[in-house]
Amino acid sequence: MSQLICPFCSIASARIVDSDDLAFTVRDAYPVSTGHTLIIPRRHVPSFFQIDDAERQSMLALLSAAKKELDRLFHPTGYNVGINDGADAGQTVPHLHIHLIPRYPGDRTDPRGGVRWVLPESADYWSRR
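Definitions and cut-offs
Residues numbered from 1 in each chain as written. Predicted model: local features only at pLDDT ≥ 70, side-chain atom pairs only at ≥ 80, totals over all residues. Heavy atoms only, no water. Core = buried A, V, L, I, M, F, W, Y, C linked by side-chain atoms within 4.5 Å. Buried < 20%, exposed > 50% of the residue type's maximum accessible area, 1.4 Å probe, protein only. Helix = DSSP H or I, 4+ residues; strand = E, 2+ residues; numbered from the N terminus. Salt bridge = Lys/Arg side-chain N within 4 Å of Asp/Glu carboxyl O.

J.: Go over the nonpolar core with me, naming the residues and quoting the values.
T.: Side chains that are nonpolar tend, in soluble globular proteins, to be buried together. Counting 13 residues, the largest nonpolar core has Ile39, Ile51, Met59, Leu63, Leu96, Ile98 and Leu100 as its most contacted members. For this core, the secondary-structure elements that each account for two or more residues are α1 (53-74) and β5 (98-103). Tallying contributions element by element places α1 first for this core, with five residues.

J.: Break down the pattern of salt bridges for me, citing the residues and quoting the values.
T.: Applying the stated criterion across every chain yields a total of six salt bridges. A salt bridge links Glu69 to Arg72; the shortest N-O distance between them is 2.7 Å. One end of the pair, Glu69, and the other, Arg72, are both in helix α1, three residues apart, so they sit about a helical turn from each other. Asp110 serves as the salt-bridge partner of Arg112, at 2.9 Å between the closest nitrogen and oxygen. With a relative accessible area of 45%, Arg112 lands in the partly exposed category.

On their own, these measurements won't tell you what the molecule is for.
And the structure:
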């Protein structure tokens, strides 16, 4: 995907919730929970492993700020933080972004395992002992 058609490279400024010179924060256009937020580097880069230290620090600072704001606005009781890095990991937009997904009581019958459910056959390790 070229930068000209990358949805994150051409995101409307009105959607930006927070930002600095290296990264910005938006609410996910297809949220899985109330407040689902993305932290995105300004530079078009597909992988977390291709950003430099300054970009990483920027993104992690924005992640922390977003969590504080979501706590204030929505009062979640937990979070999932994740990156889909590469097509085989489920990445559909080849521009790095961190998902900050607020979690709420009862949003899943049994939330144990969290991100482990990306591979459902391997997720439930606690009841197979």
